Amino acid sequence: MIFYHGSNKLIKNSILLSNYREDNLIYLTDSYCMAVFYSGCGFRSWYWNDKTNKLIIIERCKDMLKKLYWNKKSYIYETENIDDYEELLTKNGKKCFVIKNRDVKIKRIETIKNVYEKIMELYNQGKLEIWFWKDMSKSQKIKYKKQMKIIFNPDVLKKEKEMSIQTYNDMVNCFPYLLDN
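Description of the structure in this document. (Residues numbered from 1 in each chain as written. Predicted model: local features only at pLDDT ≥ 70, side-chain atom pairs only at ≥ 80, totals over all residues. Heavy atoms only, no water.)

### Examining the overall build of the protein chain
Moving on, step 1. In terms of regular secondary structure, the protein chain is built from six helices and ten strands.
Moving on, step 2. For the protein chain, the C-alpha radius of gyration of 17 Å lies close to 16 Å, the compact-globule estimate for 181 residues.
Moving on, step 3. Projected onto the principal axes, the alpha-carbon positions of the protein chain cover approximately 45 × 35 × 30 Å.
Moving on, step 4. Residues counted as buried form 46% of the 181 residues belonging to the protein chain.
Moving on, step 5. Across the protein chain, every contact between residues at least 6 apart in sequence was considered, and the portion connecting residues at least 24 apart equals 70%.
Moving on, step 6. Approximately 10600 Å² of the protein chain is accessible, and the part contributed by carbon and sulfur atoms is 49%.
Moving on, step 7. Each charge sign in the protein chain was given a centre, from 33 positive and 23 negative side chains, and these centres are 6 Å apart. (Helix = DSSP H or I, 4+ residues; strand = E, 2+ residues; numbered from the N terminus. Rg over C-alpha atoms; globule rule 2.2 N^0.38 Å. Buried < 20%, exposed > 50% of the residue type's maximum accessible area, 1.4 Å probe, protein only. Contact = heavy atoms within 4.5 Å. Areas by Shrake-Rupley, 256 points an atom, 1.4 Å probe, with all protein chains shown as cover. Lys, Arg positive; Asp, Glu negative; His and termini not counted. Charge placed at Lys NZ, Arg CZ, Asp CG, Glu CD.)

This is how it looks when you write it as structure tokens:
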């Protein structure tokens, strides 16, 4: 099976297990849209629609996608044919695939110059869904804001900052009220 991997880092020839992640797993997806979405930003809000077999991106603030993805460059890697993977079910309902014991050879690399524009292109083609902030009810917006403050409490924000200053900056740009604690 051929998989995709999205990253904001240029990788040549192979995705290396040894320097990829602290958990020593290479994460892959069978969804091109998911690879694009993951490639552009460390903060993500999504669900998987089993009925339509599509990614649903959820905006949790005004212009969230534009704030997170505008003018961000990324790369989509199409892998070699792989059959020695393990399946994992994410909390959002989509299977992902992991490689634990070896590097993964790259078959093809696509450069995306503006991830926001690519996401909107996929949306306009009907390949993914977006729940836009502007279309949500006032009560849903209040609910999302409360959820964000609970999930991203000061301790979690501190860990996010230690893991990736870019992701942390993206989050506080979208959700400045997280710093009000």
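### A word on the pairing of strand β1 (residues 4-7)
Moving on, step 1. Covered by surrounding structure in β1 are Y4 and G6 together with H5 and S7, the residues of both alternating faces.
Moving on, step 2. Note: β1 against strand β6 (residues 74-79), four bridges, orientation antiparallel. Among the inter-strand pairings, G6 is bridged to a residue of β6, identified as I76. (Pairing = 2+ DSSP bridges.)

### Some remarks on the pattern of salt bridges
Moving on, step 1. In this structure the tally under the stated criterion is eleven salt bridges.
Moving on, step 2. In this structure, R102 engages D84 in a salt bridge whose closest nitrogen and oxygen atoms are separated by 2.7 Å. Of this pair, R102 sits in the loop between β8 (95-99) and β9 (104-112) while D84 sits in the loop between β6 and β7 (86-89); the two residues are 18 residues apart in sequence, bridging distant segments of the chain.
Moving on, step 3. Ionic pairing is found between E110 and K118, a salt bridge with its closest N-O pair at 3.6 Å. Pair check on accessibility: E110 and K118 agree, each one buried. (Salt bridge = Lys/Arg side-chain N within 4 Å of Asp/Glu carboxyl O.)

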